[in-house]
Amino acid sequence: MKTQIKAKSVSLAVALSLSSGLALAEEDVAMEEVVATASRLQGTAAAVIEERKNQAFVADILGSEQISRTGDSDAASALRRVTGLTLVDGKFIYVRGLGERYSSARLNGAAIPSPDLTRNVIPMDIFPTSVIESLSVQKAFSPNMPAAFGGGSVDIRTKSTPSEFTAGIQIGVGTNTNNSDGYTYTRDESGLNQAVSNAIVQYKGDFSVRGITSKDGISADEATLVNKDLLKLFPRNLELQQESLDPDYSLQGHIGNTFDEGIFGGTIGVLATVSLDKKWQYREGIDAVIKPAPEIPANCKTHYDSLDDLGAACHETRTDKSVTTENERLNGLFTIGYRYDTHNISYTRIYIEDNEDESSIGVTEKQEGNATIVEGDADRSYTFDFEERSLDVDQFKGQHTFLDFMGIGFDWQYTESQATTDIPLKATYKFADSFRNDGNNFHYTGSEVSGGNGQINYEFIEMDDFMKSWGGNVNLPLTIGGFEIELKGGWDFIDRARYYTTSSFFVNNAGAPISVDSTSEDTADILSYYDNSLGLTNYLTDSFIDNNNVVLAFNEPDIDQADDYMAAQKVEAGYGSFDVFFSESWRVSGGLRYESFQQVALEFTSSDLSKTAIETLFNAEKVQQRTINEDDVYPALSLTYIGGDYQLRFGYGETVVRPDLREVVPVSYTNPLTDILTRGNVSLVSSTLKNYDMRYELYFDNGDNLALSAFYKDISKPIESVLRVGDAAYSSTFTNGESGELYGIEAEWLFDLSGIASGFFTTGNVTLSDSEVTIAAANAGSLTNATKRMTGHSQYVVNLQLGFDSADGEHSGSLVYNVFGERIIASGIGLREDAFEQPFHSVDAVYTYYPDFNSTIKLKLQNLLGEDQEVTQSDIIVRSRDRGVSMNLSYRYEF
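Residues numbered from 1 in each chain as written. Predicted model: local features only at pLDDT ≥ 70, side-chain atom pairs only at ≥ 80, totals over all residues. Heavy atoms only, no water.

1. A look at the overall build of the chain
And then number 1: Along the backbone of the chain there are eleven helices and 46 strands.
And then number 2: Residue pairs in contact within the chain that sit at least 24 positions apart in sequence constitute 75% of those at least 6 positions apart.
And then number 3: When the accessible surface of the chain is totalled, it reaches about 36800 Å², and 53% of it is carbon and sulfur. (Helix = DSSP H or I, 4+ residues; strand = E, 2+ residues; numbered from the N terminus. Contact = heavy atoms within 4.5 Å. Areas by Shrake-Rupley, 256 points an atom, 1.4 Å probe, with all protein chains shown as cover.)

Okay, here's the thing in structure tokens:
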């Protein structure tokens, strides 16, 4: 039963539970629930400190109450509060400056697939905090963890069954300062028409007049009509409208209880949660390509605000963009468990659906000398992109302790999961805009569909990723002489299969340019005529198709340039470990892990699934060439010296980082971080790492604590992306570097400030590090710097938090600051310097009011400084997005 208390040192207890460096192991120790006057969950200082001291391999833990205090709505945002962790693209976690490939994630200890089209790692933003009990981040390798470990491993622990009846609802509303303007459209979710799918097979992807004539034996005129009828089956009523965006909203609810079972004397617990939230975001920014460094003029101009401001350009091309994003997320969790004595089994079902709809307008100037808008033309594009992602998980778990058999413990899990991504609409329209310059102003004189290929591009993508994960652990506690020993062993198996297909189509104008807008108006700058020309994308009417020389082309490459693939992966692992206390001052832990890893990835073209094509796909020699077979033993060792009020830890481990599924198949895709066409490399091999860690922990009598850490990683054959210069654009692939290293120090602390101001506390952490990777000249492509920092590495990361809890328990607040140092987002090529994402100074504020025992009112403000995201090359901005300031107000009622 919940207990109401009047705690004089509430702020200290809360602060200790909030320290981002605290190491907890929720499986091992059950903490008594203590609730302050306003129903806040408080962990006691003594229990938290003991948990931290008792860990052999230090883990950072974020609990649900800690996440609530910082106001983070998903796992990705919450994890950036942990020491040395940074967030990339709002989804991917970088640990100690290492890219997302060097981190792994599990759900309640089980491997799950990723719904991300371009990466194996799980995008953390799909996990709402409403289903999370805690987040565990382990930075030092231990034998019971997967050997695919670089910077750290994240375990997402979902909510378990309650100990008593619980029920509650929460509603919230929010907005962003940018959302007074935005662009919306009527979405078409029908996807690729079945008749078009049948035609791909019928004509083997050749929709040309010659191809249709050859297959059907009809005249050229009849074949042209067939082509035009296929084109009419595509979504064409896509028209942007400018309007103020709707407010964000969220709805959450949960209910659970525990019941006595009368037959065996056990208990049954049940919990169900559901949530729905919808968010809008409008952003303006630029994407640009700078000139090669020797050609950049001094004091060059990145943009022209008026005719009086003309000068030599910094960029070869510059695109001004307006982007509107609608994100809708639905998720549910159901768990049922049975507990009898020292035995516990449970079943959990998790379903997450995350849909994102993005529309954008871009105007591109080719800045050779002065901007081409001054010279008379610019390119305009409209993009409509709707993506549906889902994750469906079924998990069975059990924990058993046999007290009559030497206290042997046994836990196990079996998990089946499926991740899917479906893009039923991705369309890009291209136009050529004309301008006239009278010396005083710009005059927009119209827009046309140019002659040539690719004036409209349709793309439809589907991906299914299936995974089975099962494993278990057995532990035996022993006391022999003066030694306290725990022996542990376990196994871990993963079976995974992925199937990915994409179908791309061009609408080509085989004739002369076609005017679609003859409007004439004055314009002060390149963006001002957007609002009066939003309807251009609905020009592709039946009448237009019938009366103009536009044709549909299936943009499917041949087998040598396939864009579909299938892949399978199998991991079999086992480990043995020990944990020994000898004397009161020394502890040694370690063990060995054996892993067998098998993977095969094969590309194919969905337009040709003939017997010959299938025989080619599954050719034994090709399958053997594309198969990765690895097996190895990975050691881990940790030594801890336990002083009176401090601990000193030393750790060593050997691990591996393997290429992503998509990185080893020769299929091209657009990297969402760089917008560069990227292609896999079948020659990639795994990277091996040697990890060294040292940590000093100091505990004060009043509960304050300080931790200082140092780490070093020696990486053999690190995987890096390299760019190449083509005839018309950049492209990217992957290669193994010769060597790499990462080293740094970390500091984290917690201090009660009640001596200065009652109710206040501070917690924070700082990471300082550096890295270097060397790529052989033969593999460096067109890289400007073959020796450089590792992609994605930040030389510093800072997290600071100032918290407050009122003595009466009715008010709490947090002011949270986060910043990361500049990091390479794309390596420079063709005498261009590396592109660096610039530091983003994030300041968030959260205020919570508890009017009574059951109610909670929370106000969140994010990005209070109004910072923009920027990427620079040679100190010139090549990408920017404004984020605006977000506000959210919520009300929660607990029954």
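This is not the end of the story, as more comes after the structure.
2. Looking at the packing of aromatic side chains
And then number 1: Across all of its chains, the model carries 30 aromatic pairs by this definition.
And then number 2: An angle of 70° between the planes, with centres 5.8 Å apart, marks the rings of F431 and Y539 as edge-to-face. With F431 in strand β18 (residues 408-437) and Y539 in the loop between β23 (521-523) and α9 (542-547), the pair connects residues that are 108 residues apart, well separated along the chain. An identical accessibility class is assigned to F431 and Y539; each is buried.
And then number 3: Connected via pairs of aromatic rings, a cluster forms that spans Y185, Y382, F384, Y429, F431, Y539 and F544.
And then number 4: In this structure, R187 is placed above the aromatic ring of F386, and the distance from its NZ or CZ to the ring centre is 4.0 Å. (Phe/Tyr/Trp six-rings, centres within 6.5 Å; stacked < 30°, edge-to-face > 60°. Buried < 20%, exposed > 50% of the residue type's maximum accessible area, 1.4 Å probe, protein only. Lys NZ or Arg CZ within 6 Å of the ring centre and 35° of its normal.)

3. Overview of the nonpolar core
And then number 1: Core analysis: the biggest nonpolar cluster contains 40 residues, and F207, Y429, Y458 and F505 have the highest contact counts within it.
And then number 2: When residues in this core are grouped by element, the largest group, four residues, is from β18.
And then number 3: If you look at the next biggest cluster of nonpolar residues, it comprises 31 residues, including A75, A78, V131 and V154. (Core = buried A, V, L, I, M, F, W, Y, C linked by side-chain atoms within 4.5 Å.)

4. Description of the pairing of strand β7 (residues 103-107)
Each regular strand carries side chains that alternate between the two faces of the sheet.
And then number 1: Most of β7 sits out of view: five of its five residues are buried.
And then number 2: Neither face of β7 is open: one carries S103, A105 and L107, the other S104 and R106, and all of them are buried.
And then number 3: Across five bridges, the pairing between β7 and strand β9 (residues 152-158) is parallel. Of the residues in β9, the one forming a bridge with S103 is G152. (Pairing = 2+ DSSP bridges.)

5. Let's talk about the packing of helix α6 (residues 209-216) against helix α7 (residues 220-231)
Describing two packed helices takes the angle between their axes plus the distance from one axis to the other.
And then number 1: Where α6 contacts α7, the two axes come as close as 9 Å, and the packing angle between them is 110°. Regarding the angle of α6 to α7, the classification is roughly perpendicular. Facing α6, whose interface residues are V209, I212 and T213, α7 presents A220, A223, T224, V226 and N227.
And then number 2: A breakdown of the residues in the contact of α6 with α7 according to their chemical character gives five nonpolar, three polar and no charged. (Axes fitted to C-alpha atoms, helices over the stretch in contact; angles between N-to-C directions. Parallel < 35°, antiparallel > 145°, perpendicular 65-115°, else oblique. Nonpolar A, V, L, I, M, F, W, Y, C, P; charged D, E, K, R; others polar.)

6. Overview of the side chain of R389
And then number 1: Along the chain, R389 falls in strand β17 (residues 377-402).
And then number 2: A relative accessible area of 7% places R389 in the buried class.
And then number 3: Reaching out from R389, the side chain makes a polar contact with the side chain of D354 at a distance of 2.4 Å.
And then number 4: Residue contacts for R389: discarding those within four places in its chain leaves K91, P115, P123, D125, I126, I352, E353, D354, N355, T420 and T421. (Polar contact = N/O pair within 3.5 Å; in protein donor to acceptor, adjacent residues only side chain to side chain.)

7. Some words on the environment of T735
And then number 1: Structurally, the position occupied by T735 is in strand β34 (residues 730-736).
And then number 2: Owing to a relative accessible area of 7%, T735 belongs among the buried residues under this scheme.
And then number 3: With near-sequence residues (within four places) excluded, T735 lies in contact with N681, L684, P718, I719, E720, V722, I775 and N779.

8. Focus: the pairing of strand β10 (residues 166-176)
And then number 1: Taken together, the nine bridges between β10 and strand β13 (residues 248-260) define a ladder with antiparallel strand orientation. By the bridge assignment, Q170 is partnered in β13 with Q252.
And then number 2: For β10 and strand β46 (residues 886-894), the ladder comprises nine bridges, and the chain directions are antiparallel. Bridge pairing links T175 to M887 in β46.

9. A few points about helix α5 (residues 194-202)
And then number 1: Along α5, the residues classified as buried are V196, A199 and I200. Considered in projection along α5, the buried side chains sweep an arc of 105° and stay on one side of the axis. Turned more than 90 degrees off the buried face of α5, the exposed positions are Q194 and V201.
And then number 2: Tucked inside the fold, the buried residues of α5 contact α7, β21 (483-509) and β24 (550-554). (Arc of directions from axis to C-beta.)

10. Some details on the confidence of the model for the chain
And then number 1: The predicted model of the chain averages 82 in pLDDT, with 84% of residues at 70 or higher.
And then number 2: Every residue in residues 1-48 scores below 50 in pLDDT, and together they form 114 contacts with partners more than four places removed in sequence or on other chains.
And then number 3: pLDDT under 50 marks residues 305-311. Its contacts with residues more than four places away, or in other chains, come to 17 contacts. (pLDDT = per-residue confidence, 0-100.)

11. A look at the environment of K279
And then number 1: Mapped onto the secondary structure, K279 falls in strand β14 (residues 267-290).
And then number 2: Residue K279 is classed as partly exposed on the basis of its relative accessible area of 36%.
And then number 3: Leave out the neighbours within four places in its chain, and K279 touches S73, D248, T325, E326 and N327.

12. Brief notes about the pattern of salt bridges
And then number 1: Throughout the structure, instances matching the rule amount to 34 salt bridges.
And then number 2: Measuring nitrogen to oxygen at the nearest pair gives 2.9 Å for the salt bridge that ties K278 to E326. Here K278, found in strand β14, pairs with E326, found in strand β15 (residues 315-340); they are 48 residues apart in sequence, far enough to count as distant.
And then number 3: Put simply, R593 and E595 hold a salt bridge, and the shortest N to O gap is 2.9 Å.
And then number 4: With a relative accessible area of 2%, R593 lands in the buried category.
And then number 5: Residue class for E595 comes out buried when judged on its relative accessible area of 2%.
And then number 6: Each member of the salt-bridge network shares a partner with another, and the members are R106, D492, R593, E595, E630 and R658. (Salt bridge = Lys/Arg side-chain N within 4 Å of Asp/Glu carboxyl O.)

13. Description of a nonpolar patch on the surface
And then number 1: There is a patch of nonpolar side chains on the surface, built from I171, V173, Y249, L251, Y847, I857, L859, L889 and Y891 and spanning about 750 Å² of accessible area.
And then number 2: Those elements that provide at least two residues to the nonpolar patch are β10, β13, β43 (855-862) and β46.
And then number 3: Of note, Y891 is situated in strand β46. (Patch = residues over 30% accessible without salt bridge, like charges linked within 9 Å, V, L, I, M, F, W, Y side chains within 5 Å.)

14. With respect to unusual backbone geometry
And then number 1: Not every positive phi belongs to a glycine, and N108 is a case in point at roughly 50°.
And then number 2: Relative to the helices and strands, N108 is located in the loop between β7 and β8 (132-138).
And then number 3: On the basis of relative accessible area, N108 is assigned to the buried category, the value being 11%.
And then number 4: Positive phi, normally seen in glycine, also occurs at K204, with a value near 50°.
And then number 5: Inspection of the secondary structure assignment puts K204 in the loop between α5 and α6.

15. Structural notes on the environment of K215
And then number 1: Summarising the element assignment, K215 is placed in helix α6.
And then number 2: Sequence-distant contacts of K215, defined by excluding residues within four places in its chain, comprise Q202 and Y203.

16. Some details on the side chain of S589
And then number 1: Along the chain, S589 falls in strand β26 (residues 586-604).
And then number 2: Within the local environment of S589, its side chain forms a polar contact with the side chain of D579, the two groups lying 2.6 Å apart.

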